[in-house]
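A structural walkthrough
Residue-level listing of the chains:
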Amino acid sequence: MEFLQFPLALCLAMAVIFLFMLWRLLYSCWVLPNQAYQKLRRNGFSGPTPSFPLGNIVDRKKSLHSSSSSSLSLTHDIHSKVFPYFYLWQKLHGKVFIYWLGTEPFLYIADPEFLRKISADVMGKSWGKPTVFKNDRKPMFGNGLVMVEGDEWVRHRHIITPAFSPANLKTMSSMTVESTTNMLDRWTALITSGKPEIDVETEITSTAGEIIAKTSFGMSYENGKEVFEKLRAMQMALFKYTRYVGVPFSNFMCPIQNSEAKKLGKEIDAMLLSIITSRKSNVGQPQKDLLSLLMAESQVGGSSEKKLTASELVDECKTFFFGGHETTALALTWTLLLLAMHTEWQNQLREEIKEVIGDGEIDATMLARLKKMGWVMNEVLRLYSPAPNVQRGTNMWIDVVSMNHDRQLWGDDVYEFKPERFKDDSLYGGCKHKMGFLPFGFGGRMCVGRNLSMLEYKIVLTLIVTRFSFSLSPNYCHSPSIMLSLRPTQGLPLIFQQL
Ligand code: HEM
């Protein structure tokens, strides 16, 4: 009979393991989220009714589907178009409510006063990112600054912040001028050959990719292009298809895209790692880019807590590349749309550039004096914020688009393009609440690259408006939508004239 006892014991052991795994699954997908949900409910928050295990994902999908099939006239009132489900739920449940991504409850916030209260005493290092997003975006950001928390975040931020000092950024302005001039020379060739209609979204995104490749890891465009294209492909693999973030085993729902993203992630890491290794062995050739500044900063003092490892450097390069090129490119793209619609502002900018810079070369120290251009940038970041939301801590989702289009905060002219609202209040543009306008986030985790993006924005825009005037093409179709960032999904064709 003994030979029968062995399989019985094995079966029992397997049953115990199975029950244990089932319990763990239920605990993490059902018990824990429900405890968090009940806590939020006890604090008085309501929200749309979720279903297990998809949460409110199906409602989101339906609402997105019906909104994408309706075309949008050229209005800046875009909240109901880009976040139709939040727009609807806000009407039913107010500006703070609970919704579910799969089995994860999220606190939605579009009320700046609520945000002020809950963030008043929280230090930058204590603000993490929701775990579901960390897992979801791992191939893009790895353990880069955007994703790290606690003392690790403090260490990374201390090493990274000096790289973005004004003195270091100054040396990067010539790289920006060079890439932009190449793009504008291409535009001139097109115009003179009788093709004045140019899709500026594609053009600016690829030039911004070139600029960030140079400023981040100093690569020539030909090399940078390969990393850039792989990063774009990875973004498409991750964001083009309906994804089930927060749903248990969601990785298995889009296996092809997920394995494609992982494969690309590994290739990008290997390429960046080889650049770092060759930099380390090639001490004789100092470079003036973010990577070398980080490598130099990592060596100051030599203590291990001040150093970033090679794989951390790779993750930071990816973070700069991804966080840096698309946001700035989209800020510029939406600016060109608004300037094409408001040609009087093209003239105002030209006059200001003439006064501040004249006909000479652009010097980075002059850029701060381009005040009107600063107002224009802020107004664009208000109407078409490339970073449409901020994700924080234990599952908080802050709706920046809603706050930027809130009549109660901005007044009756909320949907109008009026850069002059920043004239007397350069930081908040007259917004009635200081937490109502967060183009670069808030608190200790505010965007580390904001000065670099302003430098790039002002240089590129100066070069464009001094060489060309432009108007909207009749082929333009207003279709802002979210693909991680807020983008014109059908491009931005403009008609150019040389000045
Ligand atoms: C118009 C351009 C840009 C916009 C609108 C923008 C917006 C933002 C926002 C909203 C955050 C989140 C802050 C928070 O959680 O509170 C952020 C963080 C960050 N941004 Fe930017 N950004 C821009 C350009 C850049 C550039 C050029 C770089 C780098 C080259 C960059 C690198 C980062 C990094 C590393 C973080 C994470 C900071 C941290 O967690 O400590 N960004 N940005």
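Residues numbered from 1 in each chain as written. Predicted model: local features only at pLDDT ≥ 70, side-chain atom pairs only at ≥ 80, totals over all residues. Heavy atoms only, no water.

Digging into the site of the ligand
As a matter of local geometry, the ligand sits amid 26 residues, with Trp 153, Arg 157, Arg 392, Arg 445 and Cys 447 nearest to it. Contacts to the ligand include Arg 157, whose side-chain N or O atom sits 2.7 Å from an oxygen atom. Those elements that place two or more of their residues in the shell around the ligand are helix H8 (150-160), helix H15 (310-341), strand S4 (389-392) and helix H20 (450-467). For the shell around the ligand, the element with the most residues is H15, which contributes 6 residues. Among the residues making up the shell around the ligand, the classes are represented as 14 nonpolar, 8 polar and 4 charged. (Near = heavy atom within 4 Å. Polar contact = N/O pair within 3.5 Å; in protein donor to acceptor, adjacent residues only side chain to side chain. Helix = DSSP H or I, 4+ residues; strand = E, 2+ residues; numbered from the N terminus. Nonpolar A, V, L, I, M, F, W, Y, C, P; charged D, E, K, R; others polar.)

Examining the UniProt feature "binding site: heme" (unreviewed entry) in the chain
When the UniProt feature table is mapped onto this chain numbering, "binding site: heme" (unreviewed entry) sits at Cys 447. Looking at where Cys 447 falls in the secondary structure, it is placed in the loop between helix H19 (407-410) and H20. Apart from residues lying up to four places away in sequence, Cys 447 is in contact with Arg 157 and Phe 440. (UniProt positions renumbered as here; feature names shortened; annotations may be inferred. Contact = heavy atoms within 4.5 Å.)

Observations concerning the pattern of salt bridges
Summed over all chains, the structure comprises 20 salt bridges. With a shortest N-O distance of 2.8 Å, Lys 230 and Glu 267 are connected by a salt bridge. Taken together, the positions of Lys 230 in helix H12 (residues 221-239) and Glu 267 in helix H13 (residues 255-281) put the pair 37 residues apart, joining distant regions of the chain. Sharing partners across several salt bridges, the network here consists of Glu 379, Arg 382, Asp 413, Lys 418 and Arg 421. (Salt bridge = Lys/Arg side-chain N within 4 Å of Asp/Glu carboxyl O.)

A closer look at the sheet that holds strand S3 (residues 197-199)
In sheet architecture, strand pairing relies on hydrogen bonds along the backbone and comes in two forms, parallel and antiparallel. Spatial ordering of the open sheet is given by S3-S9-S6, a layout of 3 strands whose pairing is antiparallel. Strands at the two margins of the open sheet, each flanked by one partner only, are S3 and strand S6 (468-472). Within the sheet, the average angular offset between the axes of one strand and its neighbour, ignoring direction, is 40°. Examined bridge by bridge, S6 and strand S9 (residues 493-498) share 5 bridges and lie antiparallel to one another. If you follow Ser 471 over to S9, its bridge partner there is Ile 495. Sheet contacts for H20: S6 and S9; angle to S6, the most-contacted strand, approximately 90°. (Pairing = 2+ DSSP bridges. Axes fitted to C-alpha atoms, helices over the stretch in contact; angles between N-to-C directions.)

As for the packing of aromatic side chains
Counted by the stated rule, this structure contains 26 aromatic pairs. With a centroid separation of 6.0 Å and 45° between ring planes, the pair formed by Trp 187 and Phe 468 is classed as tilted. You can see Trp 187 sitting in helix H10 (residues 173-192) and its partner Phe 468 sitting in strand S6, a full 281 residues away along the chain. Take Trp 187: its relative accessible area is 0%, and that puts it in the buried class. Centroid distance Phe 470 to Phe 496: 5.5 Å. Interplanar angle 40°. Geometry classified as tilted. Of the two residues, Phe 470 sits in strand S6 while Phe 496 sits in strand S9, which places them 26 residues apart along the sequence. Here Phe 470 and Phe 496 have matching classes, each one buried. Linked through ring pairs, Phe 83, Tyr 85, Phe 86, Trp 89, Phe 97, Tyr 99, Phe 106, Tyr 108 and Trp 397 together constitute an aromatic cluster. When the ring centre of Trp 410 is taken as origin, the NZ or CZ atom of Arg 382, which lies over that ring, is 4.9 Å away. (Phe/Tyr/Trp six-rings, centres within 6.5 Å; stacked < 30°, edge-to-face > 60°. Buried < 20%, exposed > 50% of the residue type's maximum accessible area, 1.4 Å probe, protein only. Lys NZ or Arg CZ within 6 Å of the ring centre and 35° of its normal.)

Looking at H10
The terminal C-alpha atoms of H10 lie 28 Å apart, and with 20 residues this matches the ideal 28 Å at 1.5 Å per residue to within 8%. Residues of H10 that are buried: Ser 173, Met 175, Thr 176, Ser 179, Thr 180, Met 183, Leu 184, Trp 187, Thr 188 and Ile 191. Where H10 is buried, its residues meet helix H9 (166-170), S3, helix H11 (200-217), H20, S6 and S9. Phi turns positive one or two residues past the end of H10, at Gly 194, with a value near 85°. (Expected span 1.5 Å × (residues − 1).)

Details of the pairing of strand S1 (residues 96-101)
Judged by how many residues are buried, S1 sits mostly within the fold: 6 of 6 residues are covered. Burial along S1 is two-sided: Val 96, Ile 98 and Trp 100 facing one way and Phe 97, Tyr 99 and Leu 101 facing the other are all buried. By the bridge criterion, 6 bridges tie S1 to strand S2 (residues 104-109) in an arrangement that is antiparallel. Counted as the bridge partner of Ile 98 is Leu 107 from S2. Between the antiparallel neighbours S1 and S2 lie 2 residues, among them Gly 102 with a positive phi of about 60°.

A closer look at the sheet that holds S2
With mixed pairing, the 4 strands of this open sheet are ordered in space as S1-S2-S5-S4. Lying at the two open borders of the sheet, with one neighbouring strand each, are S1 and S4. Put simply, the sheet's adjacent strands are angled 25° from each other on average, direction ignored. Sheet contacts for helix H4 (residues 84-93): S1, S2 and strand S5 (396-399); angle to S1, the most-contacted strand, approximately 135°.

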